[in-house]
Amino acid sequence: MKPVISASNTLMLNLVSVCGILFMVLIGAFYDTGAPTLTLGHAAPPDAGATATSCYKAAIIYVVLLVFGLSQRYLHNRNPAVHF
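Procedures and definitions
- Residues numbered from 1 in each chain as written.
- Predicted model: local features only at pLDDT ≥ 70, side-chain atom pairs only at ≥ 80, totals over all residues.
- Heavy atoms only, no water.
- Helix = DSSP H or I, 4+ residues; strand = E, 2+ residues; numbered from the N terminus.
- Rg over C-alpha atoms; globule rule 2.2 N^0.38 Å.
- Buried < 20%, exposed > 50% of the residue type's maximum accessible area, 1.4 Å probe, protein only.
- Contact = heavy atoms within 4.5 Å.
- Areas by Shrake-Rupley, 256 points an atom, 1.4 Å probe, with all protein chains shown as cover.
- Axes fitted to C-alpha atoms, helices over the stretch in contact; angles between N-to-C directions.
- Parallel < 35°, antiparallel > 145°, perpendicular 65-115°, else oblique.
- Left-handed = near helix turned anticlockwise from the far one by under 90°.
- Nonpolar A, V, L, I, M, F, W, Y, C, P; charged D, E, K, R; others polar.
- Core = buried A, V, L, I, M, F, W, Y, C linked by side-chain atoms within 4.5 Å.
- Patch = residues over 30% accessible without salt bridge, like charges linked within 9 Å, V, L, I, M, F, W, Y side chains within 5 Å.
- Salt bridge = Lys/Arg side-chain N within 4 Å of Asp/Glu carboxyl O.

Chemist: Describe the overall build of the protein chain, listing the residues and the values that go with them.
Modeler: Counting its secondary structure elements, the protein chain contains 3 helices and 0 strands. Helices (α) and strands (β) of the protein chain occur, in sequence order from the N terminus, as α-α-α. Over its C-alpha atoms the protein chain spans a radius of gyration of 18 Å, topping by over 25% the 12 Å that the globule rule assigns to 84 residues. Per-residue burial for the protein chain yields a buried fraction of 27% across its 84 residues. In the protein chain, the proportion of contacts linking residues at least 24 apart, taken out of those at least 6 apart, comes to 79%. Surface exposure of the protein chain reaches about 5,800 Å², of which carbon and sulfur atoms provide 72%.

Okay, here's the thing in structure tokens:
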């Protein structure tokens, strides 16, 4: 099987995915705990629990992207002769 994206792009995809996972999980946790900065004020969402759930769903999407990026990295390491 040949990789779909280049080795440098897999590295960037993996880095962005890890950052996205951390960010979404942290923001979701802040909404779950009711952090005043996020849940109070005129721009606060009406339902903090639903917002936290959306953040966790976004983190799951980032996990899927990370798995895809790691599989592409594995393909590049298994067959380094493939060039784009």
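Chemist: Any details on the environment of Ser54? Residues and values, ideally.
Modeler: Relative to the helices and strands, Ser54 resides in helix H3 (residues 48-78). The class for Ser54 is partly exposed, based on a relative accessible area of 44%.

Chemist: Summarise the packing of helix H1 (residues 7-33) against H3; cite the residues concerned and give the values.
Modeler: Where H1 meets H3, the axes come as close as 8 Å, and the angle between the chain directions of the two elements is 160°. One element, H1, and the other, H3, form an angle in the roughly antiparallel class. Of the two elements, H1 crosses H3, and the hand of that crossing is left-handed. Among the residues making up the contact of H1 with H3, the classes are represented as 22 nonpolar, 9 polar and 2 charged.

Chemist: With reference to specific residues and values, describe the nonpolar core.
Modeler: Of all hydrophobic cores here, the largest spans 7 residues; its members are Met24, Ile27, Tyr31, Ala48, Ala52, Cys55 and Ala59. Broken down by secondary-structure element, the contributors of at least two residues to this core are H1 and H3. Ranked by residues supplied to this core, first place goes to H3 with 4 residues.

Chemist: Let's hear about a nonpolar patch on the surface: which residues, and what values?
Modeler: Residues Leu11, Met12, Leu15 and Val16 make up a contiguous nonpolar surface patch of roughly 380 Å² in combined accessible area. Note on placement: Met12 falls in helix H1.

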